[in-house]
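Each chain is listed here by its residues.
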Amino acid sequence: MEIPAAFRWVLLALAVLQLASFVVVLRRLRAAERGRSVEARIDLLDSFSGILLLAGLGLGSLPLGVVGLGLMGLALALKGVGFLRSRRHA
């Protein structure tokens, strides 16, 4: 199934917005103290995977989109494990 050209431009624009989010998360990673750096790294992985997924869909590159989707799944799994750990210790 082919993605229409108008949607490709929308996806590429969303990838650029995700890139701006990536810069914000990168700044937060630099400013994070020792205990919070793991959460910031997971957020960085999540943001990067979003860029890859949107760019892969926008450019019509299936391998790039699949890698982005896989990394996003990994980031969401890590966030879920962190959430369960925090509930268990509370």
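Please read these numbers as outputs of a predicted model, since none were measured by experiment. (Residues numbered from 1 in each chain as written. Predicted model: local features only at pLDDT ≥ 70, side-chain atom pairs only at ≥ 80, totals over all residues. Heavy atoms only, no water.)

1. Examining the overall build of the chain
Applicable threshold: Only DSSP runs of H or I reaching four residues or more are called helices, and only runs of E reaching two or more are called strands; each is numbered from the N terminus. We compute the radius of gyration from the C-alpha atoms alone; for a globule the expected value is 2.2 Å times N to the 0.38, where N is the number of residues. Partly exposed describes any residue whose relative accessible area lies between the buried limit of under 20% and the exposed limit of over 50%, with all areas from a 1.4 Å probe on protein chains only and scaled to the type maximum. We call two residues in contact whenever any of their non-hydrogen atoms come within 4.5 Å of each other. Each accessible area is a Shrake-Rupley result for a 1.4 Å probe, and residues are judged covered by the shown protein chains and nothing else.
Along its length, the chain carries three helices and zero strands. Reading the chain from its N terminus to its C terminus gives the helix and strand order α-α-α. Against the globule reference of 12 Å for 90 residues, the chain gives a C-alpha radius of gyration of 15 Å, more extended than a compact globule. Dimensions of the chain, computed from the C-alpha atoms along their principal axes, are close to 50 × 25 × 15 Å. Looking at the 90 residues of the chain, the share that counts as buried comes to 26%. In the chain, the share of contacts with a sequence separation of at least 24, taken over all contacts with a separation of at least 6, comes to 55%. When the accessible surface of the chain is totalled, it reaches about 6,600 Å², and 70% of it is carbon and sulfur.

2. Quick word on the UniProt feature "transmembrane region" (unreviewed entry) in the chain
For clarity, the threshold we go by: UniProt positions are given in the numbering used here, feature names are shortened, and annotations may be inferred rather than shown by experiment.
Feature annotation in UniProt assigns "transmembrane region" (unreviewed entry) to the following positions: residues 6-26. Secondary structure content for residues 6-26 is 100% helix and 0% strand, while the C-alpha to C-alpha distance between its ends is 30 Å.

3. Let's talk about the packing of helix α2 (residues 37-59) against helix α3 (residues 62-89)
Heads up, the rule is: All axes are obtained by fitting lines to C-alpha atoms, using only the stretch in contact for helices, and the reported angles, taken between N-to-C directions, cover 0 to 180 degrees. For classification, angles of less than 35 degrees are called roughly parallel, those exceeding 145 degrees roughly antiparallel, those between 65 and 115 degrees roughly perpendicular, and all remaining angles oblique. By definition, turning the near helix anticlockwise from the far helix through less than a right angle yields a left-handed crossing, and turning it clockwise yields a right-handed one. In this classification, the charged set is Asp, Glu, Lys and Arg, the nonpolar set is Ala, Val, Leu, Ile, Met, Phe, Trp, Tyr, Cys and Pro, and all remaining amino acids, among them Gly, are polar.
For the pair α2 and α3, interaxial distance at closest approach is 7 Å and the crossing angle is 155°. On the basis of their axis angle, the class for α2 and α3 is roughly antiparallel. Seen along the crossing, α2 lies across α3 with a hand that is left-handed. Facing I42, D43, L45, D46, F48, S49, G50, L52, L53, A55 and G56 of α2, the residues of α3 in contact are L64, G65, V67, G68, L69, L71, M72, L74, A75, L78 and K79. Partitioned by chemical class, the residues of the contact of α2 with α3 number 14 nonpolar, five polar and three charged.

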